[in-house]
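Summary of structural features
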Amino acid sequence: MGKLKLIKTSPWAAIQDFGRFGYRRFGIPQSGAMDREWMIAANRLVGNPDDFPVVEIAMMGMKLEALESSFIAAVGATIKINGEKRIGGLSLSIGDVLQIDAPDHVYAYLAIGGRLSAKEDFGSVSTYPRAGFGGLNGDVLKVGDVLESDNANGRVKDNSIPERNNQDTVIRIMKGPEWDLLKEIPDSKRFEIDASSNRMGVRLNGKIDCDYKEIASSAVVPGTIQLPANNQPIILMSDCQTTGGYPRIGKVFDKDLGKLAQVKVGCSLRLKTVS
Amino acid sequence: MECGSTIPIEKIHQSSHTIVNILRDKLEDIVPAYHSIAVFTSLTIDQLTVLLASAPIEEKKPSDSNDIIKLPICYELGLDLDRIAKHANLSHEKLIERHLEGVYRSLFIGFTPGFIYADGLDENLSCPRLENPRKTIPAGSVGIAGNQTGIYSLASPGGWNIIGLTPAKVFDPNEPKPMLIDVGMKYRFYRIAKKEFESWES
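Basis of the calculations
Residues numbered from 1 in each chain as written. Chains lettered and ligands numbered in written order. Predicted model: local features only at pLDDT ≥ 70, side-chain atom pairs only at ≥ 80, totals over all residues. Helix = DSSP H or I, 4+ residues; strand = E, 2+ residues; numbered from the N terminus. Buried ≥ 20, exposed ≤ 12 C-beta atoms within 10 Å, placed from the backbone. Contact = placed C-beta atoms within 7 Å. Rg over C-alpha atoms; globule rule 2.2 N^0.38 Å. Core = buried A, V, L, I, M, F, W, Y, C linked by C-beta atoms within 7 Å. Pairing = 2+ DSSP bridges. Axes fitted to C-alpha atoms, helices over the stretch in contact; angles between N-to-C directions. Nonpolar A, V, L, I, M, F, W, Y, C, P; charged D, E, K, R; others polar. Arc of directions from axis to C-beta. pLDDT = per-residue confidence, 0-100.

1. Some words on the overall build of chain B
- Across its full length, chain B holds five helices and eleven strands.
- Reported as C-alpha extents along the three principal axes, the dimensions of chain B are approximately 55 × 35 × 35 Å.
- Here chain B, with 202 residues, has 38% of them falling under the buried criterion.
- Residue pairs at least 24 apart in sequence account for 60% of intrachain contacts in chain B once pairs closer than 6 positions are excluded.

See the structure below:
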């Protein structure tokens, strides 16, 4: 059994998997890892199936102590074992201290060999604190929490990690139901990530000219690009609501959502319309 | 799919029900809203069109038995009873009487998991949203915002006027059927005292 105790944590460190599907009709958000490709990369570094739960870390780093021998890997942050910088899939012995620095981009992922035990709600252990779903107790990880997996061992299955950029990231989009309200094509513009972005949505600084009108609330999904009255787009992300009343001018390709999630506040991106 | 703004919501609910029945395990999820139905499936648009076109037209959906679910409500715990009464120019008792006469219908679910948006509010009881939304409102709060009404399924922030509190669990994640009131179903309230509320077990 892998077993790690949290000694120090970040304000956002929470268990995530691919998310909840089939419960939108109850207003239940999808949730799940913001960067699914990096979640998969972390799992492959410890030999887990792609969909096993991982710890998603944002903002600050964290520190853990091995209570049992464990096999771990992190993607998106520098890690140190007992103060020594290491890379790849790593074995920990009892008493080893694992330090994970603040994420290089926005989200980093810690995988532990074996299946992490966590609370399952609606088919997923993804943490959604607002409703108390998933995670250890329906909440983010706290100091003193113990992460346990059903396997002490692991092996590196694949050590490739998809690249992430911080400047001029190109995000592919398709046209949405209210695309025709636009008075200009967004492709030539450069947008910056706004500081208020979070797991519900990425807000972009930069305007798209549009004949704004409110629509009757209708379904939205992660990737939906909403354009509120101030003409500044919001791209909905993992924890977004299931319905919304702003025009849906487009949708980000699912494959590009991870790339988008990793663009830091103040950094830029471009939208590329693909028809 | 967009249904046009003239389509009544009953039709939306009925069509959603038909789609659920036709697609069965090919349906991953469905989100009916005011004028649209979002269908989540791995079928292509063409396959979907063929399947739906071959569907028999159901005139009545089986769940529409006109059953009205009765929910307990405690008005003494309504944080904004005063405000709503003043706005409606009614005494507390008159306000409560009017509210108890109403038959409400779940239109769709959104905002937070299990939050019910409903119609059926007596227009004299409509009341503008609070200027300063509260940081937290208890689960079971029965709210009014303009002429919309709804039930908070979870403790959450909110700016709706709270007329009363129901101890019924409208949303229970531990139940196989988490919603007590399905979309399209009707409900009304019966009054309970604060003491009954406190001793309520459901």
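2. Focus on the overall build of chain A
- Scanning chain A for helices and strands turns up two helices and 20 strands.
- Compactness check: chain A gives a C-alpha radius of gyration of 19 Å against a globular reference of 19 Å for 275 residues, within 12% of the reference.
- When the 275 residues of chain A are sorted by exposure, 52% land in the buried category.
- Restricting to contacts in chain A with at least 6 residues of sequence separation, those with at least 24 account for 75%.

3. Regarding the nonpolar core
- Membership of the largest hydrophobic core comes to 125 residues, with the highest contact counts inside it found for Ala42(A), Ile72(A), Tyr109(A), Leu110(A) and Ala111(A).
- Contacts of Ala111(A), omitting those with residues within four sequence positions, involve Ala42(A), Asn43(A), Leu45(A), Val46(A), Asn48(A), Val54(A), Ile72(A) and Ala73(A).

4. A look at the sheet that holds strand 16 (residues 224–226) of chain A
All names here are of chain A.
- The seven strands lie next to each other as 12-19-16-17-14-13-20, forming a closed barrel whose pairing is mixed. Averaged over all neighbouring strand pairs, the angle between strand axes comes to 40 degrees, with direction disregarded.
- Two elements, strand 12 (residues 169–175) and strand 20 (residues 268–273), share five bridges in a ladder whose sense is parallel. The partner of arginine 172 across the bridge, within strand 20, is lysine 272.

5. Here's the deal with the interface of chain B and chain A
- Taken together, the 24 residues of chain B in the interface contact 20 residues of chain A.
- At the level of elements, strand 1 (27–32) and strand 4 (104–109) of chain B are the ones that each hand at least two residues to the side of chain B that touches chain A.
- Counting residues per element, the side of chain B that touches chain A draws most heavily on strand 1 of chain B, at four residues.
- A breakdown of the residues in the side of chain B that touches chain A according to their chemical character gives 14 nonpolar, seven polar and three charged.

6. Observations concerning helix 4 (residues 92–101) of chain B
Residue and element names in this part refer to chain B.
- Those residues of helix 4 not exposed but buried are Leu95, Ile96 and His99. The buried side chains of helix 4 occupy one side of the element, clustering within an arc of 95 degrees when seen end-on. Residues of helix 4 that are exposed and angled more than 90 degrees away from the buried face: Glu93, Glu97 and Glu101.
- Where helix 4 is buried, its residues touch helix 3 (81–88), strand 10 (161–165) and strand 11 (186–191).

7. Thoughts on the environment of Ile69(B)
- Assignment of secondary structure puts Ile69(B) in strand 3 (residues 68–73).
- Measuring from C-alpha to C-alpha, the distance between Ile69(B) and Ala168(B) comes to 11 Å, with 99 residues separating the pair along the chain.

8. Details of the confidence of the model for chain B
- For chain B, per-residue confidence averages 89 on the pLDDT scale, and residues scoring 70 or more make up 92% of the total.
- Overall fold confidence for the complex sits at a pTM of 0.89, while the interface term, ipTM, reaches 0.82.

9. Observations concerning unusual backbone geometry
Residues and elements named next belong to chain A.
- For asparagine 82, which is not a glycine, the phi torsion comes out positive at approximately 50 degrees.
- Asparagine 82 gets classed as exposed once you count the C-beta atoms within 10 Å, which come to 12.
- In this structure, aspartate 168 takes a positive phi of about 55 degrees despite not being glycine.
- Tracing the backbone through its elements, the reader meets aspartate 168 in the loop between strand 11 (146–148) and strand 12.

10. Here's the deal with the pairing of strand 1 (residues 3–8) of chain A
Residues and elements named next belong to chain A.
- Examined bridge by bridge, strand 1 and strand 11 share three bridges and lie antiparallel to one another. Bridging across to strand 11, lysine 5 finds its partner in valine 146.
- Sheet topology places strand 1 next to strand 4 (residues 62–68); five bridges connect them, and they run antiparallel. Its bridge partner being in strand 4, lysine 3 is matched across the sheet by glutamate 68.

11. Describing the sheet that holds strand 1 of chain A
Residue and element names in this part refer to chain A.
- Ordered by their spatial adjacency, six strands build an open sheet running 7-6-9-4-1-11, and the pairing between neighbours is antiparallel. Each of the sheet's edge strands pairs with one partner strand only, and the pair in question is strand 7 (84–86) and strand 11. Between one strand axis and the next, the sheet turns through 30 degrees on average, direction left out of account.

12. Here's the deal with the environment of Lys3(A)
All names here are of chain A.
- Residue placement: lysine 3 occurs in strand 1.
- Each C-alpha atom of the pair lysine 3 and leucine 271 lies 43 Å from the other, and the pair is 268 residues apart in sequence.
- When near neighbours in sequence (up to four residues on either side) are disregarded, lysine 3 contacts Ala66, Leu67, Glu68, Ser70, Val146 and Glu148.

13. Focus: helix 1 (residues 36–45) of chain A
All names here are of chain A.
- For helix 1, a buried count of ten out of ten residues is recorded, marking the element as mostly surrounded by other parts of the structure.
- Of all the positions in helix 1, only Arg36, Glu37, Trp38, Met39, Ile40, Ala41, Ala42, Asn43, Arg44 and Leu45 are classed as buried.
- Of the residues one or two after helix 1, glycine 47 is the one with positive phi, at around 80 degrees.

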